[in-house]
Every structure is written in structure tokens, then in C-alpha cells.
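Architecture and fold: a report
Listed below are the residues making up each chain.
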Amino acid sequence: RVLAGGREDLAGRHVVVSAGGTREAIDPVRFIGNRSSGLQGYALARTAVARGAEVTLVAANVTLPDPAGAKVVRVESARQLRDAVLAAAEHADAVVMAAAVADFRPVRQSDTKIKKSSAEPDPIQLVKNPDILAELGEIRRARREAYAGGDGAYEAPAGRGPGTGDGAGAPEEAAPGGPGPRVIVGFAAETDDVLANGRAKLRRKGCDLLVVNQVGENLAFGTPDNAAVVLTAEGGSVDIPRGPKEDLADVVWDLVAQRLA
Ligand code: CTP
Ligand code: CA
């Protein structure tokens, strides 16, 4: 959105958006995945570019064309998504996790195609994937604590962060990892007890905003429209009526811009 004087309200901000759904390989031709077209994440990326932000879009298995003006990083699995998001988040003002991340992945991935034999198939054993949103919140919490403690001098944990400062006034051994993104946004699709589940999830993940969709009624998956309620860490909520995913994206950026101001 354009501010007085013609400046866009996200100018000078770096935002990271994840989109799509991860795929967890079973063998070279099969995977466990999540239903997600990537449309909402791409709408978030497009609208952020339009509002002047520098945008990194981490796209998991999305077949849409790259949005103009965004840096696009393509990934497949949850672990690849995690690495890409955490790296980009090091120098981000806000991170929006619109991607559907597979909660589990097969313990073993076969290097060769699993053949149908006369025997009964082996069950697929699963292991939990990292929770990227919770990890973002945890990294930020730990770093804020480190900043607040002591004499105000921030000591980053060894080995954290890319250490690739742009040099602008940064000390020689560029601080490995700043305080973390100021705004962290999650998405949740719920089928029942939508608000209660959303509230509990927001607290559990330590994010600032949680966009909660009700799944069903032809909403959410693969449709151009979406409807949601955005829950805030302070206990507030903002209703977003059914409409284009761009409109929902703009409300999310309104709330992010408010928190960054
Ligand atoms: N998410 C994540 N990493 C995961 C799973 C989810 O970062 N391993 C993020 C999603 O991108 C989304 C938010 O967390 O922004 C909520 O995802 P959801 O699947 O609703 O939450 P879960 O904690 O996985 O809970 P559930 O048991 O309801 O699936
Ligand atoms: Ca999940």
C-alpha cells in the first residue's frame, strides 16, 4: 500500500514467504505430500513486491510461474524448506509460513523403485519432520534473551547464521545472526474447533500472527478465493471475509507493516 509521499509501506523491508507443499520421498517415484497449490503464498509474494518489499519466496513443488521481482528458491522436502527459510530469515524483517509442511517423512528412502511383489507390502515407517515455524520462534526467543541478558552486548551462539553482512557499518567479523525476524506469521488450516485450535497453535509456535483457514466449503485448496481469521499474539482477531487470495495477502501485510512500524 502506498504511503503519503508515494512511498510503499514495505519499502526497505525484507520478507520471506514460504509457499506450496513439501514432498517426502518414499522412493525415486513416490512421495508423501501435502495438498497445496501455492496460490496463497504466491499472492503474498506478489503483494509484498507491489508494496515495495524485498521478497524471498521459498517454493515447495509449485507449478506457478515465478512472481516478478521476487527471489525464488525452489525446494522439495521439509528439511530443504527448513534450510532455505532459516537462511533467508537471518536477514529478514518478517517471515510468513504459508507452505504446507509434511509433518512426517519416511524413515527410509529407497534408492530404487519399490516393486510390487507377491508378498504383502512393508508398512512405511515415519519420523517427525522439524517444525520450522516453531524453530523460528524459538531462535528468536533465545536471541532476544541473549540480547536482554548481560550488559546488552549480544553474543551469538557459535556457528549460527551465515555471517554475510553487506558490510554497511557491520563489524569485521559480521555478527553471526541478528535478533531474528521481528514478525513471524503462521498459517493453519483447521477442520474443527477452528478458533480454539488456532489459539493453542499460535501459543505453541511462538508466532505473532496466525492466519486460520477453515477447510471445506470449496475454500482454501486450489481455489482463487480464501476466507480466514487472523489471530494475534495479544489475543486479538481480524476477520477476513471470503475473497481473492490477494485481498487476504494484503490484510496480512497490513498487520505485518503495523507491527514493523
Ligand atoms: N509448519 C512448519 N513446520 C512443520 C509443520 C508446520 O513450519 N513441520 C508451519 C506451517 O507452515 C504453518 C504452521 O506451521 O504455517 C501451522 O501448520 P499446521 O500443520 O497447522 O501445524 P502443526 O503444528 O503441524 O499441527 P497439526 O497437528 O494441526 O498439523
Ligand atoms: Ca501439520
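Definitions and cut-offs
Residues numbered from 1 in each chain as written. Chains lettered and ligands numbered in written order. Predicted model: local features only at pLDDT ≥ 70, side-chain atom pairs only at ≥ 80, totals over all residues. Heavy atoms only, no water. Near = heavy atom within 4 Å. Polar contact = N/O pair within 3.5 Å; in protein donor to acceptor, adjacent residues only side chain to side chain. Helix = DSSP H or I, 4+ residues; strand = E, 2+ residues; numbered from the N terminus. Nonpolar A, V, L, I, M, F, W, Y, C, P; charged D, E, K, R; others polar. Contact = heavy atoms within 4.5 Å. Pairing = 2+ DSSP bridges. Axes fitted to C-alpha atoms, helices over the stretch in contact; angles between N-to-C directions. UniProt positions renumbered as here; feature names shortened; annotations may be inferred. Patch = residues over 30% accessible without salt bridge, like charges linked within 9 Å, V, L, I, M, F, W, Y side chains within 5 Å. Areas by Shrake-Rupley, 256 points an atom, 1.4 Å probe, with all protein chains shown as cover. Salt bridge = Lys/Arg side-chain N within 4 Å of Asp/Glu carboxyl O. Buried < 20%, exposed > 50% of the residue type's maximum accessible area, 1.4 Å probe, protein only.

For the chain, an unreviewed UniProt entry supplies the name Coenzyme A biosynthesis bifunctional protein CoaBC and the organism Microbispora maris.

Our next topic: the site of ligand 1. Near ligand 1 lie 14 residues; those nearest to it are M97, A99, L133, K201 and K205. Between ligand 1 and D103 there is a distance of 3.0 Å, counted from an oxygen atom to a side-chain nitrogen or oxygen. Contacts to ligand 1 include F187, whose backbone N or O atom sits 2.9 Å from an oxygen atom. Contributions of two or more residues to the shell around ligand 1 are made by helix 3 (132–148), strand 9 (183–190) and helix 4 (194–205). Here the shell around ligand 1 is built from residues that sort into 8 nonpolar, 1 polar and 5 charged.

Glancing now at the side chain of K205. Along the chain, the position of K205 falls in helix 4. If sequence neighbours within four positions are ignored, K205 has contacts with D131, L133, A134 and G137.

Across the sheet, which stays open at both edges, the 8 strands sit in the order 5-4-1-6-9-10-11-12 with mixed pairing between neighbours. The sheet terminates laterally at strand 5 (70–75) and strand 12 (237–244), the two strands that pair on one side only. Along the sheet, successive strands turn relative to each other by an average axial angle of 20 degrees, direction set aside. One ladder, built from 6 bridges, connects strand 4 (residues 54–60) with strand 5; its direction is parallel. Along strand 5, the bridge assignment pairs V58 with V73. On the sheet, helix 5 (residues 245–260) packs against strand 1 (14–20), strand 6 (94–97), strand 9, strand 10 (209–214), strand 11 (225–232) and strand 12 and is oriented at approximately 150 degrees with respect to strand 12.

UniProt records the feature "binding site: CTP" (unreviewed entry) at D103, K113, P130, D131, I132, L133, F187, K201 and K205, using the numbering of this structure. Considering the C-alpha atoms alone, the annotated residues occupy 103 residues of sequence and remain spread out, their largest mutual distance being 37.6 Å. Inspection of the secondary structure assignment puts D103 in the loop between strand 6 and strand 7 (104–106). Here D103 is in contact with V127, K128 and N129, once residues within four sequence places are set aside. By the secondary structure assignment, K201 is in helix 4. If sequence neighbours within four positions are ignored, K201 has contacts with A188, E190 and L210.

Residues F104, I124 and L126 make up a contiguous nonpolar surface patch of about 280 Å² in total accessible area. By secondary structure assignment, the location of F104 is in strand 7.

Oppositely charged side chains can form a pair if their charged atoms are brought close together. Counting across every chain of the model gives 17 salt bridges. Close ionic contact of D9 with R51 constitutes a salt bridge, the shortest N to O distance being 2.8 Å. Of this pair, D9 sits in the segment before strand 1 while R51 sits in the loop between helix 1 (39–50) and strand 4, placing them 42 residues apart in sequence. With respect to burial, D9 and R51 carry one shared label: buried. The partner of E90 in a salt bridge is R143, with the nearest N and O atoms 3.1 Å apart. One end of the pair, E90, is in the loop between helix 2 (78–89) and strand 6; the other, R143, is in helix 3, and 53 residues separate them in sequence. The residues E90 and R143 share a single accessibility class, namely buried. Among the charged side chains, a salt-bridge network with shared partners connects R1, D9, R51, D250 and D254.

Here the focus is the side chain of N226. Tracing the sequence through the fold places N226 in strand 11. Given the relative accessible area of 3%, N226 is considered buried. Polar side-chain contacts of N226 include one of 3.0 Å to the side chain of Q40. Within the structure, N226 has its side chain in polar contact with the side chain of N213 (distance 2.9 Å).

A word on unusual backbone geometry. Despite not being glycine, N61 has its phi angle at roughly 55 degrees, a positive value. Relative to the helices and strands, N61 is located in the loop between strand 4 and strand 5. Taking relative accessible area as the criterion, N61 reaches 21% and is therefore assigned partly exposed. For D193, which is not glycine, the phi dihedral falls at a positive 45 degrees. Structurally, D193 can be placed in the loop between strand 9 and helix 4. We classify D193 as exposed; its relative accessible area is 57%.

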